Amino acid sequence: MIYLDNAATTPVLPEVVEVMSDTLLTTFGNPSSIHSYGRVAFQTVRQSREAIAQALQVSARQITFTSGASESNNTAIIGYALAHRKLGNHIVTTAIEHPSVINTVQYLHDRHGFDITFVQPEPDGSVSADSIKNALRPDTILVSMMWSNNETGQLLPVSEVGEILSHHQAVFHVDATQVMGKIPVHPLEIKADFVSASGHKFHGPKGVGFLYHADLLFDPLIHGGEQEEKRRAGTENLHSLVGMAKALQISVAHMRENYEKVEQLKTHLFEQISDLTFYKNEFGKSMPHVVNLAFPEQNHDLLLTKLDLAGIAISTGSACTAGTIEPSHVLASIYGESSPKLKENIRISFSELNTIDEIDEFAIKLKNALK
Ligand code: PMP
């Protein structure tokens, strides 16, 4: 089997599994207990938080552990909006966000009466900082934008938007799920107030993530005990957050070489398929780990099935829409709802664990599947 669906999730590194199983076996205390088992567990949580804060160059109290980027996005958006309603009723986001942002702002609209502006991409597919600026109103309290799109790899202008928002009351939430561990993510540099991430996108475990937050107030989603400075109740997912911290440390330590390796894989893929007729769903500058392309009049579901039978794992778009008949909302916002292109897109996504040989084999199997 060849795994080329790393934007959906990544294999867990053996070093990560090792620290996780070690934690499960030895550090089983409840971090809230006052005896020595609890104190050791508490220290372990503290060290993981510090490791993540260090990678982001922020302070440890600004990191809250969550169950993943979906929860981080929900916490930032719902938590901030409900706590700051007196400042305004308007939220800005883009039409190409992950469902954990789109459906969250939609919920705030439907149940709490917030006004939402979904900024549409330009005709060339790009999302401009100017279009975000034009959407701002005096009562805008929050702008939520992804750093890189999970279906196309497209990079959004987070630094420019951060700069614009430094002159506006609205806080800035950045969904950094697809870039964390792959490029430097420093919230202070991009002037972000919230940054979301998920452990399993950088070779950590699933079901754990974190939210960076500047020193501002937001309501918790989960009420209960006093864990996470009362920002997120519930006994900590100790082994998972240890694994996530380890995975991020490893990714950051090898960031440049991993990035270059993945760039080479992408270049090699295009060399190997240069004799095929295809078009790219690429919209400006992109992360190299995601390639979204299409073969005219080739149905992507059929192609995916053929490749799966041939031992290749890729997807059509996000894992959240794969397996359903829903077309990509990202491509629909660029090409229009009725475009035949919505049935053609495939997403190939790499990690540094992939090899040139795997790309060669993928190219051969792809050509067979297209015959
Ligand atoms: N945002 C983006 C950009 C993502 O790619 C994903 C995962 N597909 C998420 C949020 C949600 O992450 P999780 O499923 O781990 O909560």
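Residues numbered from 1 in each chain as written. Predicted model: local features only at pLDDT ≥ 70, side-chain atom pairs only at ≥ 80, totals over all residues. Heavy atoms only, no water.

Asks: Can you lay out the overall build of the protein chain for me, pointing to particular residues and giving the numbers?
Replies: When its secondary structure is counted, the protein chain shows eleven helices and twelve strands. The C-alpha radius of gyration computed for the protein chain amounts to 21 Å, which stays within 12% of the reference 21 Å derived for 371 residues, consistent with globular compactness. Taking the principal axes of its C-alpha atoms as reference, the protein chain extends roughly 65 × 50 × 35 Å. For the protein chain, the proportion of its 371 residues judged to be buried stands at 57%. Across the protein chain, the fraction of contacts at a sequence separation of at least 24, relative to all contacts at a separation of at least 6, is 74%. (Helix = DSSP H or I, 4+ residues; strand = E, 2+ residues; numbered from the N terminus. Rg over C-alpha atoms; globule rule 2.2 N^0.38 Å. Buried < 20%, exposed > 50% of the residue type's maximum accessible area, 1.4 Å probe, protein only. Contact = heavy atoms within 4.5 Å.)

Asks: Describe helix 8 (residues 255–272), naming the residues involved and giving the relevant values.
Replies: With 18 residues, helix 8 extends 26 Å between its outermost C-alpha atoms, agreeing within 8% with the 26 Å of an ideal straight helix rising 1.5 Å per residue. Where helix 8 is concerned, the buried positions are Met255, Asn258, Val262, Leu265, Lys266, His268, Leu269 and Phe270. Residues of helix 8 that are buried sit in contact with helix 7 (238–253), strand 9 (279–280), strand 10 (290–294), strand 12 (345–349) and helix 11 (356–370). (Expected span 1.5 Å × (residues − 1).)

Asks: Describe the sheet that holds strand 8 (residues 209–213), listing the residues and the values that go with them.
Replies: In space, the seven strands of this open sheet follow the order 2-8-7-6-5-3-4, with mixed pairing throughout. What marks the edges here is a single partner per strand, and that holds for strand 2 (63–66) and strand 4 (115–119). This sheet shows a mean twist of 20° between the axes of neighbouring strands, independent of strand direction. Note that strand 2 and strand 8 share four bridges and pair antiparallel. Each residue of the ladder has a partner; that of Phe65, found in strand 8, is Phe210. Strand contacts of helix 2 (residues 36–56): strand 2 and strand 8, with the helix running at about 115° to strand 2, the strand carrying the most contacts. (Pairing = 2+ DSSP bridges. Axes fitted to C-alpha atoms, helices over the stretch in contact; angles between N-to-C directions.)

Asks: Explain the nonpolar core to me, using residue names and the numbers behind them.
Replies: Core analysis: the largest hydrophobic core is formed by 55 residues, its most contacted members being Met180 and Phe210. A total of seven residues in this core trace back to one element, the largest contributor, which is helix 7. Membership of the second largest hydrophobic core comes to 25 residues, among which are Leu269, Ile273, Leu307 and Ile346. (Core = buried A, V, L, I, M, F, W, Y, C linked by side-chain atoms within 4.5 Å.)

Asks: So what about empty space enclosed by the protein? Which residues, and what values?
Replies: Applying the stated criterion across every chain yields a total of two cavities of 30 Å³ or more. Roughly 180 Å³ of internal volume is contained in the largest cavity. Contributing to the lining of the largest cavity are 17 residues, with Gly181, Lys182, Asn258, Val262 and Glu352 lying nearest its centre. Counting residues domain by domain, the lining of the largest cavity receives three or more from each of domain 1 (2–9 + 255–370) and domain 2 (14–253). (1 Å grid on protein atoms, 1.4 Å probe; cavity = no way out; pocket = protein on both sides within 12 Å on 5 of 7 lines; lining within 4 Å. Points joined across faces, edges and corners; volume = space filled by probe spheres on them. Domains from an automatic or database assignment.)

Asks: Just give me the short version of the packing of helix 3 (residues 69–83) against helix 4 (residues 99–112), but keep the residues and values in it.
Replies: Interaxial distance between helix 3 and helix 4 falls to 9 Å at its minimum, and their mutual angle equals 30°. One finds that helix 3 runs roughly parallel with respect to helix 4. At the point where helix 3 passes helix 4, the crossing takes the right-handed sense. Of the residues in helix 4, those touching helix 3 at Ser70, Asn73, Asn74, Ile77, Ile78, Ala81 and Leu82 are Ser100, Val101, Thr104, Val105, Tyr107, Leu108 and His112. Residues of the contact of helix 3 with helix 4, tallied by class, amount to eight nonpolar, six polar and no charged. (Parallel < 35°, antiparallel > 145°, perpendicular 65-115°, else oblique. Left-handed = near helix turned anticlockwise from the far one by under 90°. Nonpolar A, V, L, I, M, F, W, Y, C, P; charged D, E, K, R; others polar.)

Asks: A description of the domain arrangement of the protein chain should follow, citing residues and the corresponding values.
Replies: Looking at the assigned domains, one finds that the protein chain contains domain 1 (2–9 + 255–370) and domain 2 (14–253). Its C-alpha centre places domain 1 at a distance of 27 Å from the equivalent point of domain 2. Overall, the association of domain 1 and domain 2 removes approximately 2,500 Å² of surface from exposure, summing both partners, and the carbon and sulfur fraction of that is 56%. Viewed at the interface, domain 2 and domain 1 are joined by zero salt bridges. The residue inventory of the side of domain 1 that touches domain 2, partitioned by class, reads twelve nonpolar, twelve polar and three charged. (Buried area = accessible area lost by both parts, 1.4 Å probe. Salt bridge = Lys/Arg side-chain N within 4 Å of Asp/Glu carboxyl O.)

Asks: Explain the packing of aromatic side chains to me, using residue names and the numbers behind them.
Replies: As enumerated under the stated definition, the model contains six aromatic pairs in all. Between Phe28 and Tyr37, the aromatic rings sit 5.3 Å apart at their centres with planes inclined by 40°, giving tilted as the arrangement. Residues Phe194 and Phe218 carry aromatic rings whose centres are separated by 5.6 Å and whose planes lie at 80° to one another, so their mutual orientation is edge-to-face. Linking Phe194 in strand 7 (residues 194–198) with Phe218 in the loop between strand 8 and helix 7, this pair joins segments that are 24 residues apart in sequence. The same class applies to Phe194 as to Phe218, namely buried. By the ring-pair criterion, three or more aromatic residues cluster together here, those being Tyr80, Phe194 and Phe218. Here the basic side chain of Arg85 rests over the ring of Phe114, its NZ or CZ set 4.0 Å away from the ring centre. Its guanidinium or amino end placed over the ring of Phe270, Lys280 lies 4.1 Å from that ring's centre, counting from NZ or CZ. (Phe/Tyr/Trp six-rings, centres within 6.5 Å; stacked < 30°, edge-to-face > 60°. Lys NZ or Arg CZ within 6 Å of the ring centre and 35° of its normal.)

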